[in-house]
Amino acid sequence: MTQPRDMDQFATANRFYAAGKFAEAAGLYREIIETRPDFAEAHNNLGNALVAAGNLDEAIESYRQATQLRDNFAEAYHNLGALLQRMKRWGEAAEAYQNAVRLDANLPAEVHNQLGIVLTRTHQRQTAVAAFHRALELRPDFPEALNNLGNVYHQLQQAGEAIACFRRAAALRPDSAEIFNNLGNVYKETGQLDHALAAHHRATELRPTYADAFNNLGNTLKDTRRLKQALACYDKALSLDPTHHVAHSGKVYTLHFHPDSTPQSLAEAHREWSLQHANSLARMKHRNARDANRKLRIGYVSPDFRDHVVGRFLQPLLEHHDHTQFEIYGYASVAHADNETQNFKSLVNVWRDVGMLSDERLAQVINEDEIDILVDLTLHMAGSR
């Protein structure tokens with residue numbers, strides 16, 4: 001049982017925390033824990049002070065200790081989830097948030113919204129839909145949850161539901177460039193290009209420094225064959241964010257269709273992209289064995305191992321590889337697998353689903369697999385690595 005002196009110290013530590021004196025608060029919480037190691041609230045509040053002081057790894061341990069001491073401590077699970085989300089440890093964050101909402105049905109809509117966000121990050125899309133719907137049950141006029149739900153429906157290829165969510169969100173937040181940008185993306189993918197142009201134009205009007213919106217406006221203009229205007233949008237995105245390699249890829253891809261392009265100008269455009277975005281990347285040590293008698297390992301990287309023009313051209317090549325001399329690896333970032341995806345799996349020796357991996361982590365995996373020849377099948381099209 002907590003003693004009166006412990007409670008006095010605890011109240012003082014809480015006052016220190018409220019006053020922004022995080023080091024003093026943490027010191028007092030630690031003193032309390034030394035005498036009362038089973039005081040779950042002190043562990044939780046120590047975690048809060050450590051987060052405020054920037055000691056994130058220690059804070060995680062404090063929150064975990066609090067949840068071990070009180071397995072029904074919803075607040076500590078929520079705090080743990082928020083910190084893990086901040087650290088981009090998506091799977092652990094999802095588990096912590098799920099424990100929090102399981103233990104306390106009265107947690108606010110924002111917690112369910114954050115749960116939906118981390119579930120989306122871990123590709124648990126149907127569960128994310130349920131989390132966003134719960135947020136909206138608790139707060140029907142929640143534009144952020146509507147926007148997030150629209151994004152998940154977009155990923156699930158449920159365009160009608162996505163558009164409905166974005167339109168409701170835009171009605172609640174007509175000043176949100178992000179919502180109009182997302183709405184434009186779904187309109188574009190469903191061929192409603194006039195609506196897409198209007199939405200993307202509105203996004204750029206609302207936020208003239210929004211590089212992603214100018215990139216997406218460029219994509220839509222390209223699809224309506226307004227190439228000069230599309231290139232101007234890509235250039236605008238790059239002026240706002242010179243590191244925006246996606247916009248730069250869109251520019252390079254669009255130049256292939258421009259009547260003024262020549263082989264020389266296209267080569268120069270590719271060199272410029274490489275100089276800007278690729279040449280500074282760290283090079284990994286190539287450790288592959290120099291054994292003339294071993295099989296060569298060939299890797300193919302693509303989001304289009306599916307019923308897609310790239311997939312249709314690739315299939316005969318994979319069917320005719322000589323597996324006595326070559327070991328074939330497929331690195332797939334397929335957003336929506338289909339029957340052809342299953343066929344491709346049967347045509348390679350090693351199949352890796354890498355859609356959730358960052359570019360940096362994918363590079364490490366390829367290096368660890370000791371690939372000898374790596375073939376990029378995407379170039380500057382959508383989903384490029």
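In what follows, the structure referred to is the one given above.
Thresholds, definitions, all that
- Residues numbered from 1 in each chain as written.
- Predicted model: local features only at pLDDT ≥ 70, side-chain atom pairs only at ≥ 80, totals over all residues.
- Heavy atoms only, no water.
- Helix = DSSP H or I, 4+ residues; strand = E, 2+ residues; numbered from the N terminus.
- Buried < 20%, exposed > 50% of the residue type's maximum accessible area, 1.4 Å probe, protein only.
- Contact = heavy atoms within 4.5 Å.
- Areas by Shrake-Rupley, 256 points an atom, 1.4 Å probe, with all protein chains shown as cover.
- Lys, Arg positive; Asp, Glu negative; His and termini not counted.
- Charge placed at Lys NZ, Arg CZ, Asp CG, Glu CD.
- Expected span 1.5 Å × (residues − 1).
- Arc of directions from axis to C-beta.
- Pairing = 2+ DSSP bridges.
- Core = buried A, V, L, I, M, F, W, Y, C linked by side-chain atoms within 4.5 Å.
- Salt bridge = Lys/Arg side-chain N within 4 Å of Asp/Glu carboxyl O.
- Phe/Tyr/Trp six-rings, centres within 6.5 Å; stacked < 30°, edge-to-face > 60°.
- Lys NZ or Arg CZ within 6 Å of the ring centre and 35° of its normal.

J.: Could you clarify how one ought to interpret the overall build of the chain in this entry?
T.: In terms of helices and strands, the chain carries 19 helices and 4 strands. Projected onto the principal axes, the alpha-carbon positions of the chain cover approximately 80 × 60 × 40 Å. Per-residue burial over the chain gives 45% buried out of 385 residues. Residue pairs in contact within the chain that sit at least 24 positions apart in sequence constitute 54% of those at least 6 positions apart. Surface exposure of the chain reaches about 20,500 Å², of which carbon and sulfur atoms provide 50%. Of the charged side chains in the chain, 41 are positive and 48 negative, and the gap between their average positions amounts to 3 Å.

J.: Can you help me understand helix α4 (residues 56–69) in this one?
T.: Working note: α-helix, 3.6 residues per turn, so residues spaced by three or four point in the same direction. Between its first and last C-alpha, α4 extends 20 Å over 14 residues, near the 20 Å set by a 1.5 Å rise per residue. Of all the positions in α4, only Leu56, Ala59, Ile60, Ser62, Tyr63, Ala66 and Thr67 are classed as buried. Along the long axis of α4, the arc covered by the buried residues comes to 165°, so they all point the same way. Turned more than 90 degrees from where α4 packs its buried face, Asp57, Glu61 and Gln68 sit exposed. Against the buried residues of α4 lie α3 (40–53) and α5 (74–86).

J.: Just checking my understanding: could you explain the pairing of strand β1 (residues 296–302) for this structure?
T.: Where a strand is regular, its side chains alternate between the two sheet faces. Across the 7 residues that make up β1, a large majority, 5, are buried. The pairing of β1 with strand β4 (residues 373–376) spans 4 bridges and is parallel. In the strand pairing of β4, Tyr300 is matched with Val375.

J.: Can you help me understand unusual backbone geometry in this one?
T.: Most of the time, phi is negative for any residue but glycine, and the peptide bond is trans. A positive phi angle, close to 60°, is found at Gln157, a residue other than glycine. One can find Gln157 in the loop between α9 (143–155) and α10 (159–172). Its relative accessible area of 58% is what places Gln157 among the exposed residues. Phi angles above zero are rare outside glycine, and Arg225 is one such case at about 65°. You can see Arg225 is positioned in the loop between α13 (211–223) and α14 (227–240).

J.: I keep staring at the nonpolar core and nothing clicks. Help me out?
T.: Within soluble globular proteins, side chains that are nonpolar generally end up buried alongside one another. One finds Tyr29, Leu83, Leu115 and Leu149 to be the most contacted residues of the largest nonpolar core, which totals 63 residues. In this structure Leu83 touches Val51, Leu56, Ala59, Ile60 and Tyr63, once residues within four positions along its chain are discounted. By size, the runner-up hydrophobic cluster in this structure holds 14 residues, among which are Tyr300, Ile328, Leu347 and Leu377.

J.: Quick question: what am I supposed to make of the environment of Val348 here?
T.: Within the fold, Val348 resides in the loop between α18 (339–347) and β3 (350–353). Excluding anything up to four places from it in sequence, Val348 contacts Leu318, Ile328 and Gly330.

J.: Explanation requested: the environment of Thr378 in the structure shown.
T.: Structurally, the position occupied by Thr378 is in the segment after β4. Residue classification places Thr378 among the buried residues on the basis of a relative accessible area of 1%. As for Thr378 and His43, which are separated by 335 residues in sequence, their C-alpha atoms are 50 Å apart. Once residues lying within four places of it in the same chain are set aside, the contact partners of Thr378 are Val301, Ser302, Pro303, Gly383 and Ser384.

J.: So what exactly am I meant to see when it comes to the pattern of salt bridges here?
T.: Opposite charge on two side chains lets them pair, provided their charged atoms get close. Inspection of every chain in the model, using the stated rule, returns 20 salt bridges. With a shortest N-O distance of 3.0 Å, Asp38 and Arg36 are connected by a salt bridge. When its relative accessible area of 13% is taken as the criterion, Arg36 is described as buried. As a salt-bridge pair, Glu137 and Arg134 come within 3.0 Å of each other at their nearest N and O atoms. You can see Glu137 and its partner Arg134 sitting in helix α8 (residues 125–138), 3 residues apart, about one turn around the helix. Connected through salt bridges with shared partners, the residues Arg64, Arg89 and Glu92 form a single ionic network.

J.: How should I be thinking about the packing of aromatic side chains in this particular structure?
T.: For any pair of aromatic rings, the description consists of the separation of the ring centres together with the inter-plane angle of the planes. Enumeration over the complete set of coordinates arrives at 7 aromatic pairs. For the ring pair Phe305 and Trp351, a centre distance of 5.3 Å and an interplane angle of 65° mean the geometry is edge-to-face. Linking Phe305 in the loop between β1 and α17 (309–319) with Trp351 in strand β3, this pair joins segments that are 46 residues apart in sequence. Residue Phe305 is classed as buried on the basis of its relative accessible area, which comes to 1%. Ring pairs connect the aromatic residues Phe10, Tyr29 and Phe39, which therefore count as one cluster. Between the NZ or CZ atom of Lys236 and the centre of the ring of Phe214, over which it lies, the distance is 5.8 Å.

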